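A closer look at the structure
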Amino acid sequence: MRDVTTAQPLDVQPTPLALLLLGREADPRSERGVECPGDLPSPSDPDLVARARAAKEKLGDKVFVLGHHYQRDEVIQFADVTGDSFKLARDAAARPEAEYIVFCGVHFMAESADILTTNDQAVVLPDLAAGCSMADMATAEQVAECWDVLTEAGVADQVVPVSYMNSSADIKAFTGRHGGTICTSSNAKRALEWAFEQGEKVLFLPDQHLGRNTAVRDMGMSLDDCVLYNPHKPNGGLTAEQLRNAKMILWRGHCSVHGRFSVESVEDVRARIPGVNVLVHPECKHEVVAAADYVGSTEYIIKALEAAPAGSKWAIGTELNLVRRLANRFASEDKEIVFLDKTVCFCSTMNRIDLPHLVWTLESLAEGKLVNRIEVDPETEKYAKLALERMLALP
């Protein structure tokens, strides 16, 4: 038997992949010309809060900090405004005097803020590794190939693309070039109604569940009206006849957090908490949405709980940081709020934005050093903005 008392300690060095997972390095294949910080403050530094506050005060009106609802509490406390991705991008555009927009969210959100703000403003993402798995499920090359498939099937001229806000600037630009619009989880029905006034079919990117739920639950279509385009299969795994018969061509993408919720989760919480109201985000699977009592965006969820009577019970199917924050907020009103799933599930990429990254960002900016700037190239910005403007013009 090996004598473990005399074994030499292993000299383990972090690999580049490990550093990427920890948010300390960037993958040059997925990020655009900027480097992640090398030396972050220690997470155990007891002065992190004071350092963040001091750097923010030094910057004054030069900095505007945006915090997405799914961010950690330690970060949210420094946000000037909180909200969903589109609300935050609009809030940034409404503050032209702010030289720096620090976006505590994920990459596609910072891109949208850059598109909607002026060239004199710099949008900064505290950690470039904060991406979005859903947005990454649709690349520009894959979507261009999909359009070729639609063209060969003879239906492209009937198709209007509608892209979820949770998509890259490249996908938003594709949407703008092809006469489509962007939508949020709040206005997806209006966007689809508009799209069907322009054409006979919709290509919905990149979240299949929001597209399916909106079409079937909100607009009265059938599941048979929807087909699923898989970019990893030849011709998307669909025949020309299927494409011709479909009204909704759904991209095979999903949210890794909302996709975890199941009908079993709903049944379990109803058994454990009699009288519970089940409220889920429309990025959840169709069968989960069908089993829930209420369905809506993050803003809808917050407003529903604000309006809920004291003593009511709620199981929420969305990201855990928000659910926990709401549970704490409404505990004094005797509202019982629980996470829908028994399994703890944070959005891993949202959680990359932590206090050390925020401190590093604010202190760098306070020293006059611009870091982690997110810039969308002019051509992409032009067409992405066109798609966003179509959404803003929706009745």
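Provided above is the structure to which this section pertains.
This section reports on the structure supplied with the text. (Residues numbered from 1 in each chain as written. Predicted model: local features only at pLDDT ≥ 70, side-chain atom pairs only at ≥ 80, totals over all residues. Heavy atoms only, no water.)

Turning our attention to the overall build of the protein chain. Within the protein chain, the secondary structure is distributed over 16 helices and 13 strands. Here the C-alpha coordinates of the protein chain stretch approximately 65 × 60 × 55 Å along the principal axes. Taken across its 395 residues, the protein chain has 56% of its residues classed as buried. Counted over contacts in the protein chain with a minimum sequence separation of 6, partners at least 24 positions apart contribute 68%. Per element, the accessible surface of the protein chain, about 17700 Å² overall, is 49% carbon and sulfur. (Helix = DSSP H or I, 4+ residues; strand = E, 2+ residues; numbered from the N terminus. Buried < 20%, exposed > 50% of the residue type's maximum accessible area, 1.4 Å probe, protein only. Contact = heavy atoms within 4.5 Å. Areas by Shrake-Rupley, 256 points an atom, 1.4 Å probe, with all protein chains shown as cover.)

Attention now goes to the pattern of salt bridges. Scanning the entire structure with this criterion turns up 14 salt bridges. One salt bridge connects Arg-51 with Asp-45, and the closest N-O pair in it is separated by 2.8 Å. Overall, Arg-51 belongs to the partly exposed group, its relative accessible area being 28%. For Glu-99, the salt bridge goes to Lys-62, with nearest N and O atoms at 3.9 Å. Here the residue Glu-99 occupies a position in the loop between helix 4 (85–93) and strand 3 (100–104), and Lys-62 occupies one in the loop between helix 2 (48–59) and strand 1 (63–68), the gap between them amounting to 37 residues. Ionic contacts of the salt-bridge type, sharing partners, join the residues Asp-45, Arg-51 and Glu-363 into one network. (Salt bridge = Lys/Arg side-chain N within 4 Å of Asp/Glu carboxyl O.)

At a minimum axis separation of 9 Å, helix 6 (residues 140–152) and helix 7 (residues 169–177) run at an interaxial angle of 25°. Judged by the angle between their axes, helix 6 and helix 7 are roughly parallel. Contacts from Ala-140, Val-143 and Trp-147 in helix 6 reach Asp-170, Ile-171 and Phe-174 in helix 7. Residues of the contact of helix 6 with helix 7, tallied by class, amount to five nonpolar, no polar and one charged. (Axes fitted to C-alpha atoms, helices over the stretch in contact; angles between N-to-C directions. Parallel < 35°, antiparallel > 145°, perpendicular 65-115°, else oblique. Nonpolar A, V, L, I, M, F, W, Y, C, P; charged D, E, K, R; others polar.)

Turning our eyes to something else, we now look at the packing of helix 13 (residues 298–307) against helix 14 (residues 320–330). Where helix 13 contacts helix 14, the axes come no closer than 11 Å and their chain directions differ by 20°. In this view, helix 13 runs roughly parallel relative to helix 14, as classed from their interaxial angle. Here helix 13 and helix 14 pass one another in a crossing that is right-handed. Counting all contacts with helix 13, which are made through Thr-298, Ile-301, Ile-302, Leu-305 and Glu-306, the residues of helix 14 involved are Leu-322, Leu-326, Arg-329 and Phe-330. Considered class by class, the residues forming the contact of helix 13 with helix 14 number six nonpolar, one polar and two charged. (Left-handed = near helix turned anticlockwise from the far one by under 90°.)

To continue, consider the sheet that holds strand 4 (residues 122–124). Strands pair in a sheet through their backbones, by hydrogen bonds, and they do so in one of two ways: parallel or antiparallel. Taken in spatial order, the four strands of this open sheet run 2-1-3-4, and their pairing is parallel. If you trace the sheet from one side to the other, it starts and ends with strand 2 (81–83) and strand 4, each paired once. Direction aside, the axes of adjacent strands within the sheet are offset by 25° on average. Sheet topology note: the strand 3/strand 4 ladder contains three bridges and is parallel. Its bridge partner being in strand 4, Val-102 is matched across the sheet by Val-124. Helix 4 contacts strand 1, strand 2 and strand 3 of the sheet and is inclined by roughly 170° relative to strand 1. (Pairing = 2+ DSSP bridges.)

Spatially, five strands are ordered 6-5-7-9-8 in an open sheet, and the strand pairing comes out parallel. In this open sheet, the two strands that pair with only one neighbour each are strand 6 (181–183) and strand 8 (226–229). Between one strand axis and the next, the sheet turns through 25° on average, direction left out of account. Judged from the three bridges that link them, strand 7 (residues 201–205) and strand 9 (residues 248–251) form a sheet pairing that is parallel. Bridged to Val-202 within strand 9 is Met-248. Along the sheet face, helix 8 (residues 188–198) touches strand 5 (159–164), strand 6, strand 7 and strand 9 and points at about 165° away from the line of strand 5.

Scope: geometric values only; no functional claims are made or implied.
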